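# Summary of structural features
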Amino acid sequence: MSEPFSVPVTVRGYETDVQGHLNQSVYLNYAEHARWSLLRAAGITQSALIGSGVGPVALETTIRYKRELLAGDEVEVTCAFDWGEGKTFRIEQTVRKADGTVAAEITAVGGLMDLKARKLVANPQEYFGKLAADPGLFGL
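- As recorded in an unreviewed UniProt entry, the protein chain goes by Acyl-CoA thioesterase and comes from Streptomyces venetus.

In structure tokens, the structure reads:
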């Protein structure tokens, strides 16, 4: 698995629920933001993906909530790709408070879809490796 990439996020008041906790759906937004930030940092744009005929797809996501997040909390959202064999890969993410406390762990299974065939490509890491200016961010 690659060394985790991370992005800072500040929890905004409108993202919280009636109890003042970060709403469950927002964790997915934070995870998605970190993933796209990693792609951009590696030199991969959405238009480059589409231009190469592929697009990322989420196949499964699990969130393990560890500690509450409140409006104003500063967090880091990490993102590390774990390449296995075949058509899918795992993305391990952690939402960590400024004091180091883990607020949530997110595990996703993804793939790259061939946009014409509407099927997963056989070796997604090859596509990421070819498109990336810095494939090391993907652990490649």
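## Focus: the overall build of the protein chain
- Looking only at helices and strands, the protein chain features three helices and six strands.
- The secondary structure elements of the protein chain, listed N-terminal to C-terminal, are β-α-α-β-β-β-β-β-α.
- For 140 residues, the compact-globule formula gives about 14 Å, and the C-alpha radius of gyration of the protein chain, at 16 Å, lands near that figure.
- Each principal axis of the C-alpha distribution contributes one length, and for the protein chain these read about 45 × 25 × 25 Å.
- Summarising the internal contacts of the protein chain: among those between residues at least 6 apart in sequence, 66% fall at separations of at least 24.
- Total accessible area on the protein chain stands at roughly 7500 Å², and carbon and sulfur atoms take up 50% of it.
- Of the side chains in the protein chain, 14 bear a positive and 17 a negative charge, and the two mean positions are spaced by 7 Å.

## Structural notes on the nonpolar core
- If you look at the biggest cluster of nonpolar residues, it comprises 35 residues, and the most contacted ones within it are L39, F81, V95, F128 and F138.
- Every element with two or more residues in this core is listed here: β1 (5-10), α1 (24-41), β3 (74-83), β4 (88-97) and β5 (102-114).
- Top contributing element to this core by residue count: α1, with eight residues.

Conventions adopted
Per chain, residue numbering runs from 1 following the sequence as it is written. Local features are withheld for residues below a pLDDT of 70 in this predicted model, meaning they are given only at 70 or higher, and side-chain atom pairs are given and counted only at 80 or more; totals for whole chains, interfaces and linings count all residues. The basis for every side-chain value is the complete set of heavy atoms in the structure, and neither hydrogens nor water enter the calculation. Every helix listed is a DSSP run of H or I at least four residues long, and every strand listed is a run of E at least two residues long, numbered separately from the N terminus. In this description the radius of gyration comes from C-alpha coordinates, and the expected globular size is given by 2.2 Å times residues to the power 0.38. In this analysis, two residues are considered to be in contact whenever any of their non-hydrogen atoms come within 4.5 Å of each other. Using the Shrake-Rupley algorithm and a 1.4 Å probe, accessible areas are obtained, with residue cover drawn only from the displayed protein chains. Two residue types count as positive, namely Lys and Arg, and two as negative, namely Asp and Glu; His and chain ends fall outside the count. To locate a charge, take atom NZ for lysine, CZ for arginine, CG for aspartate or CD for glutamate. Among the buried residues, those of types Ala, Val, Leu, Ile, Met, Phe, Trp, Tyr and Cys that are joined through side-chain atoms within 4.5 Å form a nonpolar core. Relative accessibility under 20% of the residue-type maximum defines a buried residue, over 50% an exposed one, and the middle range a partly exposed one, all with a 1.4 Å probe and only protein chains included.

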